[in-house]
Amino acid sequence: MNVVLRAIGNVFWSMPKGLAVTFKHLFKKPVTLDYPHQKKPMSPRYRGLHYLERYDDGSERCVCCGLCAAACPADCIYMEPEENEKGERRARIYEINMLRCIFCGYCEEACPEEAIFLGREYEFSDYDRDSFIYTKVQMLVTSPRKDNPFKWIIRKVRRVYGVPEPSL
Amino acid sequence: MAEAVTKKAPSNKATVTLTIDGRSVTVDKGTTVLEAARSLGIHVPTFCWHPKLKSVGSCRMCYVEIEKMPKLQVSCATEAMDGMVVATDSDLVKQGRRAVIEFILMNHPLDCPTCDQGGECQLQDLTFAHAIDDSRFAFQKERFVEDGSVSTFDDVQIGPEIMLNRNRCIQCYKCVRANKEAFGEFDLGAFERGNITEINAAPGRQVDNPFSGNLAEICPVGALTGMDWRYKIRVWLTKTVSSICPFTASGVNTLMYMDETKNRIYRTTSRRNDEIDDGWLSNVSRYAYQVVHADDRLLTPFIRRDGKQVEATWDEALDLIAKRLSDIQDQKGCVCIGGLVSPRLDNATLYGFNKLMRHVIGTNNVDYRTEYRMLPQTPEDHYQAACSQPIRISDVDDSDVIVVFGSDMLKEHPNLYLRIRKAFNFGAARIFILNPYSTKASDVAELEMVYHAGMDEVALGAVCLTAVEKGIVSSDETDRLREAIAFDSASAAALACGLEPDHLELMARAMAEARKVTFLAGEIISRSREREPIAAAICNLNRLFSINTKGQFGILPGHSNSRGAHHLGLAPDPPASIKAKLRSLWGQYPDTETNTTDSMMVQMRKEEIDGLIIMGANPVMLYPDRAFARESLEKLDFLVVSDLFETETTELADVVLPLSSWAEYTGDYVNLEGRVQTASKAIHPIGDSRPGYAIVEAIADRLENTLYTAEDYRRDEIDTMLEVDTACPVPNLYVPSKGGQDEDDAEYPIALMIGDDPHHRGHYTEKSASLTSHVGEAYLELSPDLAAGHEIKEGDSVRIESPVGKVVLPARISEHIRNDIVFVPRNFPSAPVTSLLMRKRRIDRVRISKVVR
């Protein structure tokens, strides 16, 4: 008998209680964003779409050494080196299959030239699988990005340990 | 508890016993501590030490601690002594090695990401092994910058295939030492001292010697890297496959680096085999892999329709072959079909070809010697005897007299050439060279005797007669010997062949006194029309000096599987033991007429042979009478040619079949010692090409006569054949050795020698980009005097005329060559030099003149 009464009481009490929560949120700032008109600022540590950095003089940093591909657990990086007109080693082909990539960031960590970074871009979608193979041209930045937090951290570590900036 | 390991040592050598890391070892006196440790399987890291070079102890990496010695010792330069107690892994040793690496890294740029050696660099490995992750040197590293360089990379190309980066050099001097000690080349040297020591090409020179590829291979760091491997692929992405060089008769062991997904070979390195190659590869062996990936490989079969070759499928091609061959068989009989095969193909192909021709078709028109002139139909006994003598390459090392006769060792057997150099540099060998022209090996020779071209057997006869006349050796049958040589006195013979009597006496005395003699004859003999009398002269020399009882002698085969071809019965009239074995395997053996390449061509002209199958050979280009070979093949009703490339011979063919190269299937090859070695399959066949054995088996299938009823039988039959003893006995008497001579022709005074360029061999290597970057076109090599007489300067176009042909080539003046001789390489299709030759001549004679523009 008691059980039945308590159940009936719960029904009448819990409904206003739940509605109270709902109505409370009517006056709060919403957590969702009006995507795609609004975009969420990503954490500085977010690992999104890769980009290839340039030197200050505009030349590519990547020398196609193959360490990112060697470090990649998903085996999604493919590259072929070539000799450029100045006799330097550069990538002729540099491709990342974004469908295979797990965005672990090992490539960034392995890179001895500070050439590859995982950026904050997360919106990449398309209608066919082929377009997810990102080529070097797609990933190369147009001008050096100085704002990367990792770059700053790496340089700081270098200064602390007295490791000279890699110069060619 | 000490475990005694005894290295097998000759009893006459003193031994010492020492303890290394608590284990006792007994080694020969004179062994270094490093080698003693290696014999125990203890790894001592090194940079500058190389097993085949003298120790210098310049890198200090092989530090060991030896009791009662105050400081660490370099083990590669410390002789093992009785009772030594050595520690190779103590804390002091580790500290010492750490310091050495830190010191080496002082000036070594950390440009591993851009360095081609990355992943296989000894400095990288040892740095990791010693956990060195920081540097105490804060100052600027020494950097070599090339004048006018726009690159931030300091690479300099010092040879067609060698890239130098002096910043990375750790001054181990391995390259310079190998160049000097092993190859006898001086195009690379060390300059300056101390911090700015640099390795560089000798002033005004290029590093382009025939062994230059080894320098990049032995460099422990990325200072010398190969151009063919430059920026292609990382070493950890490749798979290695063990293979055999198909261009050298010694069967040099190689390792191919290939990528499975791309079906591509990226480079070849050596696979050290002390019995054969000592870990050195000639450039031909090293860069031969590029032939596999040449752009103009044949990819599909071609059939001639209405006078034009058009693409076809394998079924169409094989059906046509079967139909035409059975037509010829029905109309004119099986003797009207012949077969020529290249001795560079593997055992399965050669044996299958033999079975196809002899068992399925039933003809004796089979030959593998397509480059020799005037081969008689009956076998040449003395030549066969001299060819089938047992030879061991490693026995060259401890011979005390080495005689090279009629062979340009560098061009024919580069690894034997290195062995001879080694016997001179590291052993106590006295080397005598008897050749119609001066060769590269002359700098290690005690005597180089250059006889008149075409006087080969007279030169050997002169040696024999000198030995008898001077009482150097006693012979019971002196008169018979004189009769055999057909000269009365040594001086007459010496005069005839143009040799100094003193030289002959010196050589005869050396051979008589020697404990162990190695006598090697080569292609100049085999290619000669008079090979039988020359072989008889070799047998006479052998009998007089009893070479075969105190050493080895023989005529070396020319190609990678010549011995295999002989063993498998590819000769038109093989030795009786082979015939008997083939008969027992097949149940029958044809008893038709036996025809060599030469007599087959004669019969083709008479239209007695109508159908011909050629595999891998290119008689039109390499047979020593181009017009004759071409006209003969044109007379054929039906010609099938299987080759890697479109050649002069495939142009004439009715059916062209694409052949797979040696890297595309697993095959066995018999080297010049008779050693059977395997070249493993590295990549899948390119295009629609098929391995040789598959082609012959497919043809046999279409002729409704399957070669092997089960897959295993092929291997079993070949193994049975290789076990047959084919050694021919050396004649026990002095045999007549008088060879015929040509009539003199005053119009054509200069003898012409045709051979291979040191960077090429046969008709394939021209397709290798690295080899053509060394030598890319044919040339005429002539002496300075001869050039001056015709007012020819280096590089001038010279017209070479013989009674049958004319070729224009650039001149190359060489100090080595005699005045009455010129040399032309035969490897380049653009210069058809065999069109100057006449097959019935012993020595081809030409006249030269400058082309005036």
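Residues numbered from 1 in each chain as written. Chains lettered and ligands numbered in written order. Predicted model: local features only at pLDDT ≥ 70, side-chain atom pairs only at ≥ 80, totals over all residues. Heavy atoms only, no water.

A separate point is the domain arrangement of chain B. Residue and element names in this part refer to chain B. The domain boundaries assigned to chain B delineate domain 1 (15-106), domain 2 (112-137 + 151-292), domain 3 (392-555) and domain 4 (750-850). The gap between the C-alpha centroids of domain 2 and domain 4 is 32 Å. In this assembly, 14 residues from domain 2 lie in contact with 13 residues from domain 4. Of the roughly 1,100 Å² buried between domain 2 and domain 4, counting both surfaces, carbon and sulfur atoms make up 65%. Per-residue buried area on domain 2 facing domain 4 is highest for Phe247, Val284 and Val291; these three make up 42% of the total on that side. Along the contact surface separating domain 2 from domain 4 lie eight residue pairs in polar contact (both at pLDDT 80 or more). Broken down by secondary-structure element, the contributors of at least two residues to the side of domain 2 that touches domain 4 are helix H6 (283-287) and helix H7 (289-292). In terms of residue count, H6 provides more of the side of domain 2 that touches domain 4 than any other element does, three residues in total. (Domains from an automatic or database assignment. Contact = heavy atoms within 4.5 Å. Buried area = accessible area lost by both parts, 1.4 Å probe. Polar contact = N/O pair within 3.5 Å; in protein donor to acceptor, adjacent residues only side chain to side chain. Helix = DSSP H or I, 4+ residues; strand = E, 2+ residues; numbered from the N terminus.)

Residues and elements named next belong to chain B. Between helix H13 (residues 456-469) and helix H16 (residues 501-513), the shortest axis-to-axis distance is 9 Å and the interhelical angle comes to 70°. Between H13 and H16, the interaxial angle falls into the category roughly perpendicular. Here Ala459, Ala462, Val463, Thr466 and Ala467 of H13 come into contact with H16, specifically with Pro501, Leu504, Glu505, Met507 and Ala508. The residue inventory of the contact of H13 with H16, partitioned by class, reads eight nonpolar, one polar and one charged. (Axes fitted to C-alpha atoms, helices over the stretch in contact; angles between N-to-C directions. Parallel < 35°, antiparallel > 145°, perpendicular 65-115°, else oblique. Nonpolar A, V, L, I, M, F, W, Y, C, P; charged D, E, K, R; others polar.)

We now examine the environment of B:Ala223. Position of B:Ala223 relative to the elements: it lies in the loop between helix H5 (213-218) and strand S11 (224-226). Beyond its immediate chain neighbours, meaning those up to four positions away, B:Ala223 contacts B:Met163, B:Leu164, B:Asn165, B:Arg168 and B:Cys169.

Residues and elements named next belong to chain B. Using the criterion set out here, one finds 70 salt bridges over all chains in the structure. In this structure, the salt-bridge partner of aspartate 274 is lysine 52, at a minimum N-O distance of 3.3 Å. Taken together, the residues span a long stretch of sequence, with aspartate 274 in the loop between strand S14 (264-270) and H6 and lysine 52 in the loop between helix H1 (33-39) and strand S4 (63-66) at a distance of 222 residues. On the accessibility criterion, aspartate 274 (35% relative accessible area) is partly exposed. With its nearest N and O atoms 3.2 Å apart, the salt bridge here joins aspartate 408 to lysine 411. On the accessibility criterion, aspartate 408 (3% relative accessible area) is buried. Lysine 411 sits in the buried class, given a relative accessible area of 8%. (Salt bridge = Lys/Arg side-chain N within 4 Å of Asp/Glu carboxyl O. Buried < 20%, exposed > 50% of the residue type's maximum accessible area, 1.4 Å probe, protein only.)

Residue and element names in this part refer to chain B. On the basis of which strands lie adjacent, the open sheet formed by five strands has the order S21-S20-S19-S22-S23 and parallel pairing. A strand with exactly one partner marks an edge of an open sheet, and here the two such strands are strand S21 (447-450) and strand S23 (551-555). Ignoring which end each strand starts from, the neighbouring axes of this sheet average 10° apart. Relative to S23, strand S22 (residues 517-521) runs parallel, the two being bridged by five bridges. When the bridges of S23 are listed, leucine 520 appears paired with glycine 554. Running at roughly 150° to strand S19 (residues 401-405), helix H12 (residues 414-425) makes contact with S19, strand S20 (430-435) and S22 of the sheet. (Pairing = 2+ DSSP bridges.)

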